[in-house]
Amino acid sequence: FSIHALLVVTAILSPVTAAARGENDVTGEDAYPPLWDQAVGNLQDFPVKDGKIVINAWNYQERLGVYKSLLNASAKYFGAFGPQNSGNILWGLPLQHGWQFRTGRLADPSGVTSCGYENGEPLCQSVRSWWSCMNYYLAIIPFLGAVEAGLFGQLPYEIEILPPEEQKDDFCYSVKDCWSRMPELMDDWKAFFEYLLSTEHKAVSSATFSSFKLDDALGLMWKAHTTSIAYGLPKFQDSLKYLSDPEANFGEDWANAVDFIAATYFCTDLPTTNNFQAFLPQRMLVEGDVLPSISDFSPQQNRVLVSLRVLHKVNKSTGGLLLKLWQQAMSTEAGRKIGRKLIESLASS
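Residues numbered from 1 in each chain as written. Predicted model: local features only at pLDDT ≥ 70, side-chain atom pairs only at ≥ 80, totals over all residues. Heavy atoms only, no water.

1. Observations regarding the overall build of the protein
Heads up, the rule is: Only DSSP runs of H or I reaching four residues or more are called helices, and only runs of E reaching two or more are called strands; each is numbered from the N terminus. Two residues form a contact once any of their heavy atoms are found within 4.5 Å. Surface accessibility follows the Shrake-Rupley procedure with a 1.4 Å probe radius. Residue values consider only the protein chains on display as shielding.
A tally of regular secondary structure across the protein gives 13 helices and three strands. Sequence separation of at least 24 residues holds for 73% of the intrachain contacts in the protein that already meet a minimum separation of 6. Carbon and sulfur atoms form 53% of the exposed surface of the protein, whose accessible area is close to 15300 Å².

2. Things to note about the packing of aromatic side chains
Here is the rule we go by: Each aromatic pair joins two rings of Phe, Tyr and Trp (for Trp, the six-membered one) with centres within 6.5 Å, and gets the label stacked for planes under 30 degrees apart, edge-to-face for over 60, and tilted for any other angle. A 1.4 Å probe rolled over the protein chains alone gives each residue an accessible area, and that area as a share of the maximum for its type sets the label: buried under 20%, exposed over 50%, partly exposed in between. Only Lys NZ and Arg CZ are tested; either one counts as a charge over a ring when it is within 6 Å of the ring centre and within 35 degrees of the ring normal.
For the structure shown, the criterion picks out 25 aromatic pairs. With 5.1 Å between their ring centres and 75° between their planes, Trp58 and Phe171 make a pair best called edge-to-face. One end of the pair, Trp58, is in the loop between β2 (52-55) and α2 (60-74); the other, Phe171, is in the loop between β3 (158-161) and α6 (175-181), and 113 residues separate them in sequence. According to the relative accessible area criterion, Trp58 is buried, its value standing at 7%. Within the aromatic cluster, the residues linked to one another by ring pairs are Trp58, Tyr136, Tyr137, Phe171, Tyr231 and Phe236. Directly above the ring of Trp58 sits Arg63, whose terminal nitrogen or CZ lies 5.0 Å from the centroid.

3. Some details on the packing of helix α3 (residues 92-102) against helix α10 (residues 270-277)
The packing of two helices is summarised by the inter-axis angle and the distance between the axes. Rules: Simply put, an axis is a line fit to the C-alpha atoms, just over the touching stretch for a helix, and the angle between two N-to-C directions goes from 0 to 180 degrees. An angle counts as roughly parallel when it lies under 35 degrees, as roughly antiparallel when it exceeds 145, as roughly perpendicular when it falls between 65 and 115, and as oblique in every other case. Crossing handedness is read from the near helix: turned anticlockwise from the far helix by less than a right angle, it gives a left-handed crossing, and turned clockwise, a right-handed one.
Closest axis-to-axis distance for the α3/α10 pair is 9 Å, and the angle between their directions is 30°. Looking at the two axes, α3 sits roughly parallel to α10. Two packed elements cross with a definite hand, and for α3 against α10 that hand is right-handed. Across from Gly92, Leu95, Gln96 and Trp99 in α3, the residues of α10 making contact are Leu270, Thr273, Asn274 and Gln277.

4. With respect to the environment of Val286
By the secondary structure assignment, Val286 is in the loop between α10 and α11 (299-317). What makes Val286 partly exposed here is its relative accessible area of 41%. C-alpha separation for the pair Val286 and Asp245, spaced 41 residues apart in sequence, amounts to 7.5 Å.

So this is what it looks like as structure tokens:
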């Protein structure tokens, strides 16, 4: 049965394998999320107020600073996997967020406020944005899990995350608050960072921290990642009403696809994520966008969107059985290797 699932997913994804990789190679500044250089890279650089490090997670640059702090604090564990921290598997998170920002997905989709718009508050992230809300669980929760695990050592201050203007009950704002409200999420992210930290004690010398298996680290990270998405999906279902039907469908298709990608322990380092993201839509989808013939999208982008749509429909029509069988096929290192090759073929000829 698991072989059957592998064949079904291969058949769904195979039309996109004609993509030419060369034109999508990302190098230089484009390899990093927008404004990466301007974001703070150290927790001590955030403002301190009333004895607390205060972070505004509804400002793109500050949320980016949370990611940058995570990347910097975990860099020493990934030195063996690529130069200048490029092999760090946490890159997938800020790169996704950067793509959301670049394509206007973090702005207020209801149009009621100027949050996220060039002629208004360009760095504002709207709490009405489905993408921004979903991303909160892939930014702030991992970050607070890392704080709790001890990635940043002993901090002199507690951390406080500022609440949004509405929907305050949908989020948590400190290590203690998140532990009491969503312990499973915090536990999964903490487990990932504790795994990294445990390698420090096993290291032969202080210069070598890569004594862990990348496959194991990816497994823990993806477990936490999918738990975050599963938690956020029902919570922010109502936010989809602000989006066009094609964009709302794409958001749900993307969330479904992440489960399939996660099962392969796909490597989310800097170069691999960038190559993969080149095939995601470079703007929000609007009414009138009809797949597979959106004129300002490349043939590859159209095909990727069609593949994600079909994958979601087939999985839904089988009551999630396709995903279960796929996960079974991906339960060994050999199976995951085949799965990763299939996904990487999305971004290569």
